[in-house]
Every structure is written in structure tokens, then in C-alpha cells.
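Notes for the structure review
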Amino acid sequence: MGTLARDIHPALHAHRFMVGRDPHGRWVVSDEMGLVGGIFADKESAVRFALAESDHMPGAVFCAPCEITLNLEPISDQAIAGGRH
């Protein structure tokens, strides 16, 4: 019985970039702080951008499941729009 390499040597950093679709079905990338990202023509382009921006660090890019949509608005803007301060 073997052990997966990622179980032996977990990534040193948490996911830096999230790749997924926004509520309009467009491919988007957003970093953990909401400062770096964008809208892309296809998933391949979005993943390529995220990998390049993270210097191909293992575990730095996470692809969201299809049923989850991503929002590129900064968290503070969402909280204000929702009436929370």
C-alpha cells in the first residue's frame, strides 16, 4: 500500500488562487485577498494565469467545483452591500 506524495509533503502555503465560474458562467480567477485575478475565455487560460502568478507552487491553485460560483468583488464591498460593517 502506497502513500500519496502530497500526504507526505503537504504544500507549504494554502491555496493562493481560486479558479471557477462566476454567476454569469464566465471563468474567473481570484487570489485570497481579492487583489489579483480576472475573467478568462476558458478554464485552461484561467488555470494557466493562476499557475504563472503563483510561480507553479504546489497547492497554490484550487479549482472550485462546478456547482460553486465565485464572486470577484472584494469581501469588504460584499459586507457593505449586505448591510454589515
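How each quantity is defined
- Residues numbered from 1 in each chain as written.
- Predicted model: local features only at pLDDT ≥ 70, side-chain atom pairs only at ≥ 80, totals over all residues.
- Heavy atoms only, no water.
- Helix = DSSP H or I, 4+ residues; strand = E, 2+ residues; numbered from the N terminus.
- Areas by Shrake-Rupley, 256 points an atom, 1.4 Å probe, with all protein chains shown as cover.
- Pairing = 2+ DSSP bridges.
- Axes fitted to C-alpha atoms, helices over the stretch in contact; angles between N-to-C directions.

Some points on the overall build of the protein chain
Counting secondary structure elements, the protein chain contains three helices and four strands. When the helices and strands of the protein chain are listed from N to C terminus, the series reads α-β-β-β-α-β-α. Counting only carbon and sulfur atoms, one obtains 59% of the accessible surface of the protein chain, whose full area is about 6,400 Å².

Some points on the pairing of strand β1 (residues 17–21)
Summarising the sheet, β1 and strand β2 (residues 27–31) pair through five bridges and their orientation is antiparallel. Within the sheet, the bridge partner assigned to Arg21 lies in β2 and is Trp27. In textbook terms, the turn of a hairpin is the stretch between consecutive antiparallel strands, and for β1 and β2 this stretch comprises five residues, one of which, Gly25, has a positive phi near 85°. In terms of strand pairing, β1 meets strand β4 (residues 61–63) through three bridges, oriented parallel.

Focus on unusual backbone geometry
Located in the positive-phi region is Asp55, a residue other than glycine, with phi close to 55°. Tracing the sequence through the fold places Asp55 in the loop between α2 (43–53) and β4.

Description of the sheet that holds strand β3 (residues 37–40)
Across the sheet, which stays open at both edges, the four strands sit in the order β3-β2-β1-β4 with mixed pairing between neighbours. In this open sheet, the two strands that pair with only one neighbour each are β3 and β4. Geometrically, the sheet is characterised by an average inter-axis angle of 15° between neighbouring strands, direction not taken into account.

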